[in-house]
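Commentary on secondary and tertiary structure
Take a look at the letters that make up each chain.
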Amino acid sequence: MYEIDVNGEKRQAEVEAGTPLLWVLRDTLGLTGTKYGCGIAQCGACTVWVDGAAMRSCQFPVEAVGEAKIVTIEAIEQDEVGRKVVEAWVEAQVPQCGYCQSGQVMAATALLKEIPQPTDQDIADAMTNLCRCGTYNHIASAVRRAAA
Amino acid sequence: MNDLSPLDVASAAPLLPAQGVANLSRRGFLGAAAGALVLAVALPGRRALAQAEGAGAIAPKPGTRVPAFLELRPDGSVKLLSAFVEGGQGINTAMAQIVGEELDVDPARFEVECAPPGPDYALVNGMRMTGGSFSTRSSYAAMRRLGATAREMLIRAAAARLKVQDGELSTEDGKVVHAASGRSLGYGELAAEALLLQPKEDVALRDPSTFRYIRKPLARLDVRDKSTGRAIYAIDQKVEGMLYAAVTHAPVFGTEPEALDNEAEVKAMPGVHSVHRLPNAVAVAADSWWRARQAVEALKTRWSEPPKDGLDAMSSSFSSEGLLSTLKAASAKGLPSETEGDADAAFAKAAKVIEAEYDAPYLAHAQLEPPSSIARFNPDGTLDLWVPNQMPELFQTLAAKVADLAPEKVIIHSPMLGGFFGRHFAYGPANPYPQAILLAKATGKPVKVLWSREEEFLNDAVRPLSFSRFRAALDASGQPTAIEVKTVGEGPTARWFGAILKTPVDSSAVEGIVEKPYAIPNRKMEFLKIAHPVNIAFWRSVGHSMNDFFYESFFDEIAEAGGKDPFELRMALLKDKPRHLNLLKAVAELSGGWKRGPYDAEGGKRARGVAMASPFGSETATIAEASLVDGEAKVHRLWIAIDPGSIVNPAIVKAQVESAAALGLSSALFEQVVYKDGVRQAKNYDGYRILARDHMPEVHVAIVESGEPMGGVGEPGLPGVPPAVANALAALSGQRVRSLPIANTKLSGA
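Residues numbered from 1 in each chain as written. Chains lettered and ligands numbered in written order. Predicted model: local features only at pLDDT ≥ 70, side-chain atom pairs only at ≥ 80, totals over all residues.

**Concerning the interface of chain B and chain A**
- Contacts between the two partners involve 47 residues from chain B, matched on the other side by 43 residues from chain A.
- For the side of chain B that touches chain A, the secondary structure elements donating two or more residues are α6 (223-227), α8 (289-298) and α19 (650-669) of chain B.
- Tallying contributions element by element places α19 of chain B first for the side of chain B that touches chain A, with six residues. (Contact = placed C-beta atoms within 7 Å. Helix = DSSP H or I, 4+ residues; strand = E, 2+ residues; numbered from the N terminus.)

Below is the structure:
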């Protein structure tokens, strides 16, 4: 049994050590906004914040969470920067299939909380999530819009 | 269930309507050559007849029954049941725009859902599918008429209620208005009465010059939900009391599990409910997917032996390299796929003859959402199936067979797709729903099967590896007088829809090589079928995805051999094709004027390549700008002019073209499914490289509306990109890439 802090609430999970945080969020806690894409931290669809840092939850074992505060896409609009990012995503009409976008929004918001005025290189370095619809240019424009 | 035989599409005919719709385009279904393919939709099937007799009704003409599509709610919102499934292409928004325009309701107040199976939705040549870039062009006229029909019924209902003449009423964004008395009634208040009225056959449509929604870049309906994690995909669905199942497929495609050495041990693992043998796979059902996956991966399974060699089934010695050699060595004569003039005579008197061989690899769809399905048998004898799919009626028929139920007992739910690109057609063992059905049956509980990313890369149906041999004859002035192409391989249309192909030449194997617009007077194209022991698929832009690369690259070789500029040669050979010529000029203008290079830019050498394509009823012209960085191709900018005849939403068209271009570039640069010893080598994105941000170029799109019949939009942006890039690289380095992906060729710096 693990107790973890997710979106400001203490939640219990009856899972084995080694269970990725992703599956605790999705199947145990029913927070399906965080997506499974690859399971090997390649695609970034599962990105959440662990104490404010963007982390790929598919490779983050539940026992490593400890006291850390987990934030998922479900709580993104409770964050001031997150709200701006969501608005920028809507204004720039970023998503197509949308499946990777939870992870993209989490990564973008984490970036802007750390670097409010990112350069193109900062965006390139931080936004490594894959998008099979090829929305990369719209993502970059939304990040710049949210930073403005 | 798990064989590779073509689908019995005729068995889905019972679910198709008695009357088809008019032929959609000159290219016909799935981009087949005109007249090459006629769907057998005129025959009402057994079930339609039975239903018709039972209900004493006639099957509806698709797209005409208002209640099958529209729910007008008291709050002023509209629910639209769409014939199509949304998977990123923006079809839900486009449908809302088309219907909303004529109904007179702001599309922003629409909620759009994929309709359940039924003959009302058979809008693609009398069938129902989301694919072939057919959705908007096949349904545009019917959906406008549907909206207008509903609006007229609402006006009549309001006239009765207000006791005035129809002619005194108008509508205003969801309300019927009586201007003289200042009274108005919301559509929601009138819906029940309106739907009882007999629809008029001949309602007037809006004058396009007064369109408020069609042709406008309206915001997409699903963008906010997709930006906040609220959009629900198949993988997110959950039903009461369900088990989660994980599977491991046979290491060599087609082999069977013969024995499980540690079943008892695995059954004792945490959360495990049961262990199962399935056709070509083993499965574990558990109380969470992670536990199911841990358990299934711990299973020690002994599999049946695959054949040692041959191409009848996947063998333990099969390799993609070996298959390519087989295709290259095939000496049998093919069937003519296009014949014009006298190519033999032209070659006999040619001043110069050039030849080249082109090939392209198997490709995975690699959509970000791994496939899943939920099956639930209900106490009333029905089966609920949540299944990602592009053809609800066909999946219903196929699922009914697996479940041993009548098709009408199978309730199909078609969730939003986390990318598809052709992934979610019915591909036999490449779909997880049969496993969900078998496991739900075996366990007596609802079961959700989810494939791990690794299982998906190993078992996805793939774009076929392809090969074509080209020859061209040039006269003394360097003009091409003849072109000859032999294509060897197999296309997905014959594999999966063989029963309805009326020609032995599979259009999906040769499209992009035949029906090119250039004035090369003598043409001799042939197709030799060699079936692959591999599960093959439709992949965004299908045959065009490799054939336009082959043809348009070879075109540049012709120009080179004749001492001509490749852009100028295209202009010359299209001088009597105003639509193509116009598009070629448009893309040149978009890129700031044609220049091939190499030229200096940002501290390095760059060059440009051009390519044309005629996919899915649309036309495209593409220019790519590339450089070499440490021997790796880098594409900086793409300019694409697309002429889809006419459009519904320019913002969605541009987004689709950019998306298709990204996929085209990804396939050109990196992608390949490689087989060795009967097994695919890449199991995840670390081994199957797809385009990431660092290789995404600027994409500039120009939409040209020629007014020709409406063409497709989702796929046409793709085929021009690989050849435009290869042509740019040839201009830059002098090296001609004839085998994809480009990453396999060592390019020397310019």
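**Here's the deal with the domain arrangement of chain A**
All names here are of chain A.
- Domain parsing of chain A yields domain 1 (2-74) and domain 2 (76-147).
- A straight line from the C-alpha centre of domain 1 to that of domain 2 covers 20 Å.
- Domain 1 puts 15 residues into the contact, and the matching count from domain 2 is 13 residues.
- For the side of domain 1 that touches domain 2, the element with the most residues is strand β3 (residues 47-50), which contributes three residues.
- When its residues are assigned to classes, the side of domain 1 that touches domain 2 shows eight nonpolar, six polar and one charged. (Domains from an automatic or database assignment. Nonpolar A, V, L, I, M, F, W, Y, C, P; charged D, E, K, R; others polar.)

**Things to note about the pairing of strand β5 (residues 175-178) of chain B**
All names here are of chain B.
- Bridge analysis of strand β4 (residues 169-172) against β5 gives four bridges, and the strand direction is antiparallel. Among the inter-strand pairings, Ser 170 is bridged to a residue of β5, identified as Val 177.
- The turn linking β4 back onto β5 is made up of two residues, and Asp 173 within it adopts a positive phi angle of 40°.
- Sheet topology places β5 next to strand β6 (residues 183-186); four bridges connect them, and they run antiparallel. (Pairing = 2+ DSSP bridges.)

**Remarks on the environment of Val 6 of chain A**
Residue and element names in this part refer to chain A.
- Relative to the assigned elements, Val 6 resides in strand β1 (residues 2-6).
- Classification of Val 6 as buried rests on a count of 21 C-beta atoms within 10 Å.
- Linking Val 6 and Glu 77, residues 71 residues apart in sequence, is a C-alpha distance of 15 Å.
- If sequence neighbours within four positions are ignored, Val 6 has contacts with Arg 11, Leu 29, Ile 70 and Thr 72. (Buried ≥ 20, exposed ≤ 12 C-beta atoms within 10 Å, placed from the backbone.)

**As for the sheet that holds strand β18 (residues 466-474) of chain B**
Residues and elements named next belong to chain B.
- Within the open sheet, the five strands sit side by side as β12-β20-β19-β18-β13. Their pairing is mixed. Strands with a single pairing partner mark the edges of an open sheet, and in this sheet they are β12 (335-340) and β13 (352-360). Averaged over all adjacent pairs, the angle separating strand axes in this sheet is 10°, with direction ignored.
- Against the sheet, helix α9 (residues 320-329) engages β13, β18 and β19 (480-489), with an angle of about 35° to β18.
- Helix α16 (residues 544-561) rests against β13, β18 and β19 of the sheet, and its axis sits at about 155° to β13. (Axes fitted to C-alpha atoms, helices over the stretch in contact; angles between N-to-C directions.)

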